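Okay, here's what each chain looks like letter by letter:
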Amino acid sequence: MSADSERSEAVIEDFKKRKLARSALRRIREVIYGFEQDRAADVRMARIGITIILVMLGLAAYLFFGSDSLTLG
């Protein structure tokens, strides 16, 4: 009987270890997925920011080169 109970305890411990490993792996995957979502949001915001900067530079260049020159006299 002692061998059977030791075997049962070993099976139970092995099951607990596998369950813990699966839980940890699932949590790691959730964290990685969160990082990927944050990275995608950062890329979108960077594109919007670059677009705004380019529009502002274009507007500044238009106003600088397109306006009549002023002479101080």
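This structure is a prediction, so every number in the text was calculated from the model and none was measured.

1. Overview of the overall build of the protein chain
Working step 1: Broken down by element type, the protein chain carries one helix and zero strands.
Working step 2: Here the protein chain holds 73 residues, and the buried ones make up 0% of them.
Working step 3: Split by element, the accessible area of the protein chain, about 7300 Å² in all, is 65% carbon and sulfur.

2. A word on the pattern of salt bridges
Working step 1: With the rule as written, the count across this model stands at two salt bridges.
Working step 2: One salt bridge connects R18 with D14, and the closest N-O pair in it is separated by 2.8 Å. Taken together, the residues R18 and D14, both in helix α1 (residues 2-66) and four residues apart, mark about one turn of the helix.
Working step 3: Among the salt bridges present, the one from E30 reaches R27, with a minimum N-O distance of 3.5 Å. You can see E30 and its partner R27 sitting in helix α1, three residues apart, about one turn around the helix.
Working step 4: Classification of E30 as partly exposed rests on a relative accessible area of 44%.

3. A closer look at the packing of aromatic side chains
Working step 1: For the structure shown, the criterion picks out one aromatic pair.
Working step 2: On the basis of an interplanar angle of 80 degrees and a centroid distance of 4.9 Å, the ring pair of F64 and F65 is categorised as edge-to-face. Comparing F64 with F65, the two get one shared label, exposed.

About the thresholds
Residues numbered from 1 in each chain as written. Predicted model: local features only at pLDDT ≥ 70, side-chain atom pairs only at ≥ 80, totals over all residues. Heavy atoms only, no water. Helix = DSSP H or I, 4+ residues; strand = E, 2+ residues; numbered from the N terminus. Buried < 20%, exposed > 50% of the residue type's maximum accessible area, 1.4 Å probe, protein only. Areas by Shrake-Rupley, 256 points an atom, 1.4 Å probe, with all protein chains shown as cover. Salt bridge = Lys/Arg side-chain N within 4 Å of Asp/Glu carboxyl O. Phe/Tyr/Trp six-rings, centres within 6.5 Å; stacked < 30°, edge-to-face > 60°.

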